[in-house]
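One letter stands for each residue in the lines below.
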Amino acid sequence: MRHLLLFCFVILLASCGVDEAALTRQVGERHLSALLYQPCLAGWGGARLVEVRFVRTKDGLPWGRSPDAWWAKIVGPKGRTGHLAWEANAEGHLLEFFVDEPKAFATEDSVALGGVPAIQQFLVETKDGPAASGCVPTAGVSLMEYWMKRGGAKWAGPEETSQQRVLRIRDRLRYRTIPDTYGFTDGRMALTGAFTEDLARNLYRDANERGVELSVGMSEFTFETMRREITLGRPTLASCVVPVPQKPELTWGHEVVCVGWAVIGGRQYVGVIDNFFPVRNPGAIRWIAEDKFRELVVVAVVRGR
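A quick note: this is a predicted structure, and the numbers were derived from the prediction, not measured.

S.K.: Kindly report on the nonpolar core, identifying the contributing residues and their values.
M.R.: Leu84, Phe97, Trp155, Met226, Trp287 and Phe293 are the most contacted members of the largest nonpolar core, which totals 73 residues. Top element by residues in this core is helix H2 (residues 135-148). It accounts for nine residues. One finds Leu61, Phe184, Leu250 and Trp252 within the second-largest nonpolar core, a separate group that totals eight residues.

Here it is, written out as structure tokens:
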């Protein structure tokens, strides 16, 4: 009799697990269904979720923890892919989403800019060994190159590549290399840390030295300010604390270029170009809940002298 009761208990637990998994997937499917009505997923009818998994942030990270979450891969038409993440709690709020397809649009509830160069971090050989170029200067140069085509042509150096511009700005900053003991880069290179305030100051100085007058402002992040700038056609820089999308068990402090905003289901999301996220289509936007953002830098070319 005791063995029979034990067997029944195991069956009950197993059935509860199945129900929980089904309910979890239902939450993700509801989020995906709602997103299919948004312009960022226009043309993704029939998309589905696969590889749904529970993610908990690795212990001991200096940037703190992200909330426990469910992550799933989105599979869309013609083999297109993306991802979706939602809270692993009773509310199950949408945390972020991404589809690997660049889109520019403007509606009453969302705007996404096109034409922002999507520069990815790259390996830099230093006296201390290989290191990442760093999110701060890399994001800064994406914004710089956007404004080079909008009144700031003199900001570009002659025959200068995007990577050379990143190194130029990087050399102006106070930065430090951080051994990658957590596996962000698979141990191939150290991380590079720098400050948003230092970037804002040195973008202004670098432009001024090359005959371009900038308007630069820095403040605590607010969705309202970011939304105003994007709606006016001006991408911004922002710092945030977010998971690495290809390794969501790792969370870090990050600098990105904000290129979009959206209000979905009464919640606010920021569309960014992520410079440590290899994508098939450069310019594809990662959408992140607005409460992950910390500082905002607003930049615009006043005139080229």
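Here the narrative resumes.
S.K.: Mind laying out the packing of aromatic side chains, listing which residues take part and the relevant values?
M.R.: Under the counting rule described, the total for this entry stands at twelve aromatic pairs. Ring geometry for Phe184 and Trp252: centres 4.8 Å apart, planes at 5 degrees, overall stacked. Here Phe184 is found in the loop between strand E9 (176-178) and strand E10 (191-193), whereas its partner Trp252 is found in strand E13 (residues 247-264), with 68 residues between them in sequence. As far as the burial class goes, Phe184 and Trp252 line up, both buried. An aromatic cluster is defined as three or more aromatic residues linked by ring pairs; in this entry it consists of Trp63, Tyr182, Phe184, Trp252 and Phe276. When the ring centre of Tyr146 is taken as origin, the NZ or CZ atom of Arg150, which lies over that ring, is 3.7 Å away.

S.K.: Describe H2, naming the residues involved and giving the relevant values.
M.R.: Taking 1.5 Å per residue, 14 residues should reach 20 Å; H2 reaches 20 Å between its end C-alpha atoms and fits that length. Of all 14 residues in H2, 14 are buried; the element is thus mostly enclosed.

S.K.: Let's hear about the packing of H2 against helix H4 (residues 196-209): which residues, and what values?
M.R.: Packed helices, taken two at a time, are described by the angle their axes make and the gap between the axes. With their axes 11 Å apart at the nearest point, H2 and H4 run at an angle of 45 degrees to one another. By the angle between their axes, H2 is oblique relative to H4. Helix-helix and strand crossings are classified by hand; for H2 and H4 the assignment is right-handed. Facing H2, whose interface residues are Val136, Gly140 and Met144, H4 presents Leu199, Leu203 and Asp206. Of the residues that constitute the contact of H2 with H4, the class distribution is four nonpolar, one polar and one charged.

S.K.: Hey, could you go over unusual backbone geometry for me, with residue numbers and the actual values?
M.R.: Of note, the phi angle at Glu51 is positive, near 55 degrees, even though the residue is not glycine. For Glu51, the location among the structural elements is in strand E1 (residues 48-55). Backbone geometry at Glu159 places phi at a positive 55 degrees, although glycine is not the residue there. Here Glu159 lies in the loop between H2 and helix H3 (162-172). Residue Glu159 is classed as exposed on the basis of its relative accessible area, which comes to 80%.

S.K.: Now, about the side chain of Thr24: what can you tell me, with residues and values included?
M.R.: Topologically, Thr24 is positioned in helix H1 (residues 2-35). Owing to a relative accessible area of 10%, Thr24 belongs among the buried residues under this scheme. Sequence-distant contacts of Thr24, defined by excluding residues within four places in its chain, comprise Val52, Trp70 and Trp86.

S.K.: How would you summarise the pairing of strand E8 (residues 129-132) if you had to cite specific residues and measurements?
M.R.: The pairing of strand E7 (residues 123-126) with E8 spans four bridges and is classified as antiparallel. Paired with Leu123 across the strands is Ala132, a residue of E8. Taking the residues between adjacent antiparallel strands as the criterion, E7 and E8 are bridged by two residues.

S.K.: Could you give me a rundown of the pattern of salt bridges, with the residues and numbers involved?
M.R.: A full pass over the atoms with the stated rule returns 23 salt bridges. A salt bridge links Arg210 to Asp206; the shortest N-O distance between them is 4.0 Å. A single network of salt bridges, built from pairs that share partners, joins Glu145, Glu160, Arg165, Arg168, Arg172, Asp206, Glu209 and Arg210.

Calculation criteria
Residues numbered from 1 in each chain as written. Predicted model: local features only at pLDDT ≥ 70, side-chain atom pairs only at ≥ 80, totals over all residues. Heavy atoms only, no water. Core = buried A, V, L, I, M, F, W, Y, C linked by side-chain atoms within 4.5 Å. Buried < 20%, exposed > 50% of the residue type's maximum accessible area, 1.4 Å probe, protein only. Helix = DSSP H or I, 4+ residues; strand = E, 2+ residues; numbered from the N terminus. Phe/Tyr/Trp six-rings, centres within 6.5 Å; stacked < 30°, edge-to-face > 60°. Lys NZ or Arg CZ within 6 Å of the ring centre and 35° of its normal. Expected span 1.5 Å × (residues − 1). Axes fitted to C-alpha atoms, helices over the stretch in contact; angles between N-to-C directions. Parallel < 35°, antiparallel > 145°, perpendicular 65-115°, else oblique. Left-handed = near helix turned anticlockwise from the far one by under 90°. Contact = heavy atoms within 4.5 Å. Nonpolar A, V, L, I, M, F, W, Y, C, P; charged D, E, K, R; others polar. Pairing = 2+ DSSP bridges. Salt bridge = Lys/Arg side-chain N within 4 Å of Asp/Glu carboxyl O.

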